[in-house]
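Each chain is listed here by its residues.
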Amino acid sequence: MEYSNIIVETRGRVGLITLNRPKAMNALNDQLIDEVGYALDGFEKDENIGAIVITGSEKAFAAGADIGAMANYSHMDAYKGDYITRNWERLRTCRKPIIAAVAGFALGGGCELAMMCDMIFAADTAKFGQPEIKLGVLPGAGGTQRLPRAIGKAKAMDMCLTARMMDATEAERAGLVARIIPADRLVDEAIEAATVIAGFSLPVIMMIKESVNRAYESSLSEGLLFERRTFHSAFGLEDQKEGMAAFVEKRKPVFKHR
Ligand code: CAA
């Protein structure tokens, strides 16, 4: 695929996707999301990739869904075309971990895209918001669902109903963001963290991602059962034998299934 809205690169064992519509603050149109999905397919199939970073520009991770593109949609256009959900779901189904490295604005669909990733690293310049109410709509890519799970009902209501933005400090305090990083170090630190992850056993990375995500989809007892069964299955992995033998022998493990 020819990419015209994103840049796709690799850094060692890390796949890097840079959203690249600078004139529109990385507004997310259908084509851009299709391209992200295609890039994720490639990274998912590539045995040399163990983790993925998605970033934007210094000014904007993404300022939301493309307002110009959807302004004249009818209900039928949105419903029949399964607008937003259709191609965005690919982010949710990716089995390799994704870090969103957010600088500048992450608004509306931009904030939602970041929340679909497994963790968010924020530059000190980051601003998160769900301003859809100002456009006469509501968040449509998970804002009303993932935000309360991440930061609780009170702050999620505040953001969705007043459209106010949250800066990086507040977002980290509230639990939306894993780390705050000086803007000029953001992508490097995200790649460093992704490189650490990608050095571990890939099946174990996937098991952890599945298990943590299960916490959002099930009761505590179901989640604990899922975790325990998955933990038991880890003893079938060569990498478990290697990891534990390496500890006992006081050496670095060499994981086979990366
Ligand atoms: N869609 C389309 N174009 C957008 C855009 C968007 N979401 N956000 C910014 N742009 C465009 C602007 O139209 C402008 O283009 P022109 O130069 O051609 O006029 C360019 O990007 C630069 O934007 P501004 O001049 O507005 O820059 P600013 O620095 O003054 O403001 C901003 C930046 C605060 C991000 C402002 O652009 C803004 O409020 N954008 C819209 C944010 C928004 O409402 N997002 C939610 C979209 S709906 C959604 O996402 C639904 C969902 O749940 C999936």
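Just above sits the structure.
What this report covers is the structure whose coordinates are included nearby. In this text the structure is predicted, and so the values were computed from the model without any measurement. (Residues numbered from 1 in each chain as written. Predicted model: local features only at pLDDT ≥ 70, side-chain atom pairs only at ≥ 80, totals over all residues. Heavy atoms only, no water.)

## With respect to the packing of helix α6 (residues 143-151) against helix α7 (residues 153-162)
Working note: a packed helix pair is described by the angle between its axes plus the distance between those axes. One can describe the packing of α6 onto α7 by two numbers: an axis separation of 7 Å at closest approach and a directional angle of 140 degrees. With respect to each other, α6 and α7 are oriented oblique. Here α6 and α7 pass one another in a crossing that is right-handed. From α6, Gly-143, Leu-147, Pro-148 and Ile-151 reach across to α7, where they touch Lys-153, Lys-155, Ala-156, Met-159 and Cys-160. Residues that form the contact of α6 with α7 fall into these classes: six nonpolar, one polar and two charged. (Axes fitted to C-alpha atoms, helices over the stretch in contact; angles between N-to-C directions. Helix = DSSP H or I, 4+ residues; strand = E, 2+ residues; numbered from the N terminus. Parallel < 35°, antiparallel > 145°, perpendicular 65-115°, else oblique. Left-handed = near helix turned anticlockwise from the far one by under 90°. Contact = heavy atoms within 4.5 Å. Nonpolar A, V, L, I, M, F, W, Y, C, P; charged D, E, K, R; others polar.)

## Observations concerning unusual backbone geometry
Positive phi, normally seen in glycine, also occurs at Asn-26, with a value near 60 degrees. Along the chain, Asn-26 turns up in the loop between β2 (14-19) and α1 (30-45). In the Ramachandran plot, Asp-82 falls in the positive-phi region, its phi being about 50 degrees despite a non-glycine side chain. On the secondary structure map, Asp-82 appears in the loop between α3 (75-80) and α4 (85-93). You can call Asp-82 partly exposed: its relative accessible area is 39%. (Buried < 20%, exposed > 50% of the residue type's maximum accessible area, 1.4 Å probe, protein only.)

## Some thoughts on the pairing of strand β1 (residues 6-11)
Looking at chain direction, β1 and β2 are connected through six bridges and run antiparallel. Bridge pairing links Ile-7 to Thr-18 in β2. Remark: two residues form the turn of the hairpin made by β1 and β2, two consecutive strands paired antiparallel; Gly-12 in that turn has positive phi of roughly 60 degrees. (Pairing = 2+ DSSP bridges.)

## Points about a nonpolar patch on the surface
A grouping of Val-204, Ile-208, Val-212 and Tyr-216 is seen on the molecular surface, where their side chains present a nonpolar patch of about 360 Å² in accessible area. Within the secondary structure layout, Val-212 lies in helix α10 (residues 202-214). (Patch = residues over 30% accessible without salt bridge, like charges linked within 9 Å, V, L, I, M, F, W, Y side chains within 5 Å. Areas by Shrake-Rupley, 256 points an atom, 1.4 Å probe, with all protein chains shown as cover. Salt bridge = Lys/Arg side-chain N within 4 Å of Asp/Glu carboxyl O.)

## What about the environment of Ala-63?
In this structure, Ala-63 sits in the loop between β4 (60-62) and α2 (67-70). Overall, Ala-63 belongs to the partly exposed group, its relative accessible area being 29%. Spatially, the C-alpha atoms of Ala-63 and Gln-31 are 16 Å apart, while their sequence positions differ by 32 residues. Dropping the residues within four chain positions of it, Ala-63 is found in contact with Met-25, Asn-26 and Leu-107.

## So, the sheet that holds strand β6 (residues 105-107)
Taken in spatial order, the four strands make up an open sheet running β4-β6-β8-β9, and their pairing is mixed. At either margin of the open sheet sits one strand with a lone partner, and together these are β4 and β9 (166-167). Where strand β8 (residues 127-129) meets β9, two bridges bridge the pair, whose relative direction is antiparallel. Note that in β9 the partner of Phe-128 across the bridge is Met-166.

## Quick notes on the site of the ligand
Close contacts around the ligand come from 22 residues, with Ala-65, Gly-109, Glu-112, Glu-132 and Gly-140 the closest. Contact distances for the ligand include 3.0 Å between a nitrogen atom and a backbone N or O atom of Ile-67. Residue Gly-109 places a main-chain N or O atom 2.7 Å away from an oxygen atom belonging to the ligand. Taken by itself the ligand offers 980 Å² of open surface, and the protein chains cover 60% of this. Elements represented by at least two residues in the shell around the ligand include exactly α2, β6 and α5 (109-116). Class assignment for the residues of the shell around the ligand results in 14 nonpolar, four polar and four charged. (Near = heavy atom within 4 Å. Polar contact = N/O pair within 3.5 Å; in protein donor to acceptor, adjacent residues only side chain to side chain.)

## Concerning the packing of aromatic side chains
All told, the structure shown has three aromatic pairs when counted by the stated rule. With 5.0 Å between their ring centres and 85 degrees between their planes, Tyr-73 and Tyr-83 make a pair best called edge-to-face. Taken together, the residues Tyr-73 in the loop between α2 and α3 and Tyr-83 in the loop between α3 and α4 connect sequence positions 10 residues apart. Under the relative-accessibility criterion, Tyr-73 is labelled partly exposed at 36%. (Phe/Tyr/Trp six-rings, centres within 6.5 Å; stacked < 30°, edge-to-face > 60°.)

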